[in-house]
Amino acid sequence: DFFKEGTISRVMAESKAELVWLQDWHSSKECIYAISIDRENKTVMLAFRGAITKADWGHAWDWNTTRAINPIAEHYPNRLSTIKMHQGFYRYIFRQRKDTRTTKYDEIAARLEYYMDWVGEGCKLLVTGHSLGGALSVLFSFYASTEERFTRCGPIEVVNFGCPLVAGYQLADAFRHQEQAGKIRMARVRCKRDGVPHGPPILFRMSKRGAAFHHVGVDVELPMIRKCCFRFFMGQPQPIIKYMKKESFFSSYVRQLKDYYFWNIPVRPWLIGQFHSLNEHQRRMLLIDRENSRLVKCTLNELYDQELFGKNNENNSNSASSNSSANSGNTSNTGQ
């Protein structure tokens, strides 16, 4: 079963990607990341590690917010000069080193640029991570999306797992602007009853637009696995896919109340860790209906076309109108 069709082990074994960089020099104090390249598909992938060390957990549990300068220069609706970020996540990649006065972001960006130039023209960037790594993937990819060296060949694609909340409505507005500009695409994959994507566990903290924190990108919820007997008669529920749109003050705060961490953890507390694990994500993804699920049949860009731009409906209406005109033409030809 270790190399079963669709498993991570099988995908890695069949992949032609090469691991070219693993940063673990100060593994107990700094965030850990790896870079791989796929020459055939012209892709460079950046992967952030989840929380393991004391420093990892310290940053993950630092729920205070900090204001960062908005890296987007052009105007967009509701643009503000600063963006409120989760302080722990932000500091992990933007804290300046005392010796070089550079940040972890600067270090990673320089490495990525080098390997993207090495792969050659047309190279795209893919960013991923789990848990803490998922949060870092959101922050890094957002800032990278403002630099042409990472987006000149297409949008940055982000696929993360079990990602917690990262920032407030200021980032949500800025992120939507980058999505509409074709600079970034993101899918957040999470398991139902995993509490981490609903954290930090904040219930009553509010902002000018309702909830204190907002998720971004396309949300992909993997349903609970039904017992064999129920699955035989009722089938397995399929993933729920939705785009995180702009919310009103009231709907935003109601969502924060509904998404409170403790309302969304397993009834059996000993399953909290299991439901957050990558193994659980894989188990649920293996039960997806490969013939009918959009998660399997569509690319990330196609999901955005459907969820954000509504191109699927337009295409359907266009095809329907062309079919009707063709039918009317055939009818007139038959009459003649």
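These numbers come from a predicted model, not from an experiment. (Residues numbered from 1 in each chain as written. Predicted model: local features only at pLDDT ≥ 70, side-chain atom pairs only at ≥ 80, totals over all residues. Heavy atoms only, no water.)

### Structural notes on the sheet that holds strand E11 (residues 218-222)
Strand order in the open sheet formed by eight strands is E1-E2-E3-E6-E7-E8-E11-E12, with mixed pairing between adjacent strands. This sheet does not close on itself; its edge strands, each paired only once, are strand E1 (18-23) and strand E12 (240-243). The average undirected angle you get between the axes of adjacent strands in this sheet is 15°. Both strand E3 (residues 43-48) and strand E6 (residues 124-130) contribute to a ladder of six bridges, which runs parallel. Across the sheet, Thr43 pairs through a bridge with Lys124, a residue of E6. Strand contacts of helix H11 (residues 278-285): E6, strand E7 (156-161), strand E8 (184-191) and E11, with the helix running at about 95° to E8, the strand carrying the most contacts. (Pairing = 2+ DSSP bridges. Helix = DSSP H or I, 4+ residues; strand = E, 2+ residues; numbered from the N terminus. Axes fitted to C-alpha atoms, helices over the stretch in contact; angles between N-to-C directions. Contact = heavy atoms within 4.5 Å.)

### So, the packing of helix H4 (residues 104-119) against helix H5 (residues 132-144)
Where H4 contacts H5, the two axes come as close as 12 Å, and the packing angle between them is 65°. Crossing angle aside, the handedness with which H4 passes H5 is right-handed. For the pair H4 and H5, the contacting residues are Tyr105, Ile108, Ala109 and Leu112 in the first and Phe140, Tyr143 and Ala144 in the second. Per-class residue counts for the contact of H4 with H5 are seven nonpolar, no polar and no charged. (Left-handed = near helix turned anticlockwise from the far one by under 90°. Nonpolar A, V, L, I, M, F, W, Y, C, P; charged D, E, K, R; others polar.)

### What to know about the packing of aromatic side chains
Evaluation of the coordinates by the stated rule reveals 17 aromatic pairs. Taking 4.6 Å as the distance between ring centres and 50° as the angle between the ring planes, the aromatic pair formed by Phe94 and Tyr143 counts as tilted. Here Phe94 is found in helix H3 (residues 87-94), whereas its partner Tyr143 is found in helix H5, with 49 residues between them in sequence. This pair shows no difference in class: Phe94 is buried, exactly as Tyr143 is. Ring geometry for Tyr114 against Tyr115: centres 5.0 Å apart, planes inclined by 75°, an arrangement best described as edge-to-face. Residue classification places Tyr114 among the exposed residues on the basis of a relative accessible area of 51%. Of the residues examined, Tyr115 reaches a relative accessible area of 6% and is grouped as buried. (Phe/Tyr/Trp six-rings, centres within 6.5 Å; stacked < 30°, edge-to-face > 60°. Buried < 20%, exposed > 50% of the residue type's maximum accessible area, 1.4 Å probe, protein only.)

### Considering helix H7 (residues 169-180)
Between its first and last C-alpha atoms H7 spans 17 Å; for twelve residues at 1.5 Å apiece the expected length is 16 Å, and the two agree. With eleven of twelve residues buried, H7 is to be regarded as a mostly interior element. Considered for burial, the residues of H7 that qualify are Tyr169, Gln170, Leu171, Ala172, Asp173, Ala174, Phe175, Arg176, His177, Gln178 and Glu179. (Expected span 1.5 Å × (residues − 1).)

Without other data, these values stay purely geometric and don't point to any function.
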